[in-house]
Amino acid sequence: MSSSSSRLTEELQCSICLDVFTDPVSTPCGHNFCKTCLNKCWDNSQTCNCPYCKETFKHKPDLKINTTLRELVDHYKKKNPEKKPEVLKIPEVVCDVCEERKLKALKSCLVCQSSYCETHLERHLRVAGLKKHKLINPVSNLEDYICQKHERPLELFCRDDQTCVCPMCDVTDHKNHNTVPIEEESEEKKTQLMKTQKDVQQMIQDRIQKIQDVKHSAEVRKRNTEEEKAARVELFTDLIRSIERCQTELLEMMEEQQKAAEKQEEELIEKLEQEITELKMRNTELEQLSHTEDHLHLLQIYSSLCSSRITRNWPEISVKTDESLETLRRALTQLQDTLQEKLTLTVSTDLKRMQQYAVDVTLDPDTAHHKLILSDDGKQVRHGDIRQKLPDKPQRFDSSVCVLGKGGFSSGRFYFEVQVTGKTKWTLGVARESVDRNGSSTRTPSNGFWTVALRNGNEYSAFADPSDVSLSLRVKPQRVGVFVDYEEGLVSFYDVESSSHIYSFTAQSFTGKLYPYFSPCLNDGGKNSTPLIITPVRYNKLIYSPI
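Values in this document were obtained by computation on a predicted structure and should not be read as measured data.

Focus: unusual backbone geometry
In this chain, Asp 465 is followed by Pro 466 through a cis amide linkage whose omega measures 0°. Its place among the elements puts Pro 466 in the loop between β17 (459-462) and β18 (469-471). Non-glycine residue Leu 18 carries a positive phi angle of around 60°. With respect to the helices and strands, the residue Leu 18 is situated in the loop between α1 (3-11) and β1 (24-26).

Written out as structure tokens, the structure reads:
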């Protein structure tokens, strides 16, 4: 089948029965189904919604046949007649008594081990002794219905050995076994087959529904991807325009400065040339006076000729570049501000999207270190200097002052926020369920931890492999958001207040459950006594249940 023909077939398929439409009808949302399929779907549901896009209708729509689509389907069926499945041909059983022309057998006798046509069967229906024989629908393999050991009909079923037996077997090899007539066992098996068939039919419907869910998810993902692409194109287009605008403004400014400098240089040259002319005239006068014989006249004008009539001192000529560099610096700073603004807007949008996966996290006291103090509601944790008397449990952290959240996540996405205001040290993130609770291993991915931390009041880092990553943050976070996408292998940290990205662990491979991880660190003589506080996410969040 060609790709175009295949696509046409898909377009003419009902997404419920996955067959070519029969009496196609359209829902108000514009999707098409077989009329019977859609009615059955709605009859089995309390609400009327589109099986494809899940749009819910307040009232059951009045379904009308889509005549245009039906004509298209009829045209397609005429050009592509449906191939009927081949019927399994059962070989015809003939009468064993007929001599010349063998007639079709009507019954087979298990006692006589022969098959009879209507005429030759008459004696089995009339003679008293033959009436007791076991008659069945005609079969060609009569030997399979006879006990090979006792040459008696297999009339019973042994439930202990799960095999067909004859009456002689029942009193010998299968004595004291649970045996029943094969008809009774067959009916029971039919009942089980009907139940199995019902289960299979339900599995088919479940998979059809799953296909619709996958198609719907693919449609939503495609639509979201297109929207994301459009938004990213718009973002980079704005950035390109900003760069081009900065470039234009910078070049125009440099051009204006060049013109101003050229004008100033022209004025300077003009003045210098004027002074050169004056000096040449004076030089001529001095030359003439040096050859005069009129001594009285020389003495009378000497003072006026020798006095300097030009007293201006010209500064050293140099090319100024500092102003151009300052102009470039201002332009790049402006561009940096624009880029930061766009980045903040983008992160803010992504953060809002992640916040829809917010979960209600509560601290698990069974995992808390002995020196940690948890609030009654399980939302706050701080370090106490005194080791508390708590029961020893295998899940409790013994060497590291940390605690996990209740409930683990082994699929999907989840997000939570933690207030860190007033602290000089803290560590946040997620941890694998199987991490070492008694050792002091580093909090890195290779050891089952994905965390970021604050140390010494202003030193931020991510505990990554093979070494820690120092983080340079514009502002000190007051509330940290943690987002995990299990399937994508992603753990991201955000400064919620400034809508800025802190750090992301990408391309990770998760196994087992992941738990929210909290460490308020040591009290440090009261300098770090403020608790870590799990805060509610300000978002209309989706319902997400921990596994």
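Don't stop here, the text continues.
With respect to the side chain of Thr 535
Checked against the element boundaries, Thr 535 lands in strand β23 (residues 532-535). Discounting residues that sit within four places of it in the chain, Thr 535 has contacts with Glu 417, Val 418, Gln 419 and Arg 479.

Here's the deal with a negative patch on the surface
Side chains of Glu 249, Glu 252, Glu 255, Glu 256, Glu 262, Glu 265, Glu 266, Glu 267, Glu 270 and Glu 273 sit close together on the surface and give a patch of like negative charge. Here Glu 255 lies in helix α7 (residues 182-289).

Regarding the state of the cysteines
Under the criterion given, the structure shown has zero disulfides. The thiol of Cys 95 is not disulfide-bonded; the next cysteine sulfur, from Cys 98, is found 3.7 Å away. Here Cys 112 stays unpaired: no disulfide links it, and the sulfur of Cys 109, its closest cysteine neighbor, is 3.6 Å away.

As for the sheet that holds strand β7 (residues 135-136)
Read across the open sheet, the three strands follow the order β6-β5-β7; overall the sheet is antiparallel. With one partner strand each, in any of the chains shown, β6 (114-116) and β7 form the two edges of the open sheet. Direction of pairing for strand β5 (residues 107-109) relative to β6: antiparallel, over a ladder of three bridges. Note that in β6 the partner of Cys 109 across the bridge is Ser 114.

A closer look at the pattern of salt bridges
A full pass over the atoms with the stated rule returns 23 salt bridges. Here Asp 213 makes a salt bridge to Lys 54, at a shortest N to O gap of 3.6 Å. With a gap of 159 residues between them, Asp 213 in helix α7 and Lys 54 in the loop between β3 (48-49) and β4 (56-57) connect regions that are remote in the sequence. On the basis of relative accessibility, which here comes to 32%, the residue Lys 54 falls in the partly exposed class. A salt bridge links Asp 238 to Arg 241, with the nearest nitrogen and oxygen atoms 3.8 Å apart. One end of the pair is Asp 238 and the other is Arg 241, both in helix α7 and three residues apart, which spans about a single turn. One network of salt bridges, in which partners are shared, links Arg 159, Glu 184, Glu 185, Glu 188 and Lys 189.

Focus: the pairing of strand β16 (residues 449-455)
Of all seven residues making up β16, six are buried, and the element is well covered by its neighbours. Here β16 hands over to β17 after three residues, with Asn 456 in that stretch at a positive phi of 55°.

As for a nonpolar patch on the surface
Nonpolar side chains collect at one region of the surface, where Val 200, Met 203 and Ile 204 lie side by side and expose about 250 Å² of accessible area between them. Topologically, Ile 204 is positioned in helix α7. For Ile 204, a relative accessible area of 45% corresponds to the partly exposed category.

Rules used in this analysis
Residues numbered from 1 in each chain as written. Predicted model: local features only at pLDDT ≥ 70, side-chain atom pairs only at ≥ 80, totals over all residues. Heavy atoms only, no water. Helix = DSSP H or I, 4+ residues; strand = E, 2+ residues; numbered from the N terminus. Contact = heavy atoms within 4.5 Å. Patch = residues over 30% accessible without salt bridge, like charges linked within 9 Å, V, L, I, M, F, W, Y side chains within 5 Å. Areas by Shrake-Rupley, 256 points an atom, 1.4 Å probe, with all protein chains shown as cover. Salt bridge = Lys/Arg side-chain N within 4 Å of Asp/Glu carboxyl O. Lys, Arg positive; Asp, Glu negative; His and termini not counted. Charge placed at Lys NZ, Arg CZ, Asp CG, Glu CD. Disulfide = S-S within 2.5 Å. Pairing = 2+ DSSP bridges. Buried < 20%, exposed > 50% of the residue type's maximum accessible area, 1.4 Å probe, protein only.

So far we have only geometry, and geometry alone does not tell us how the molecule works.
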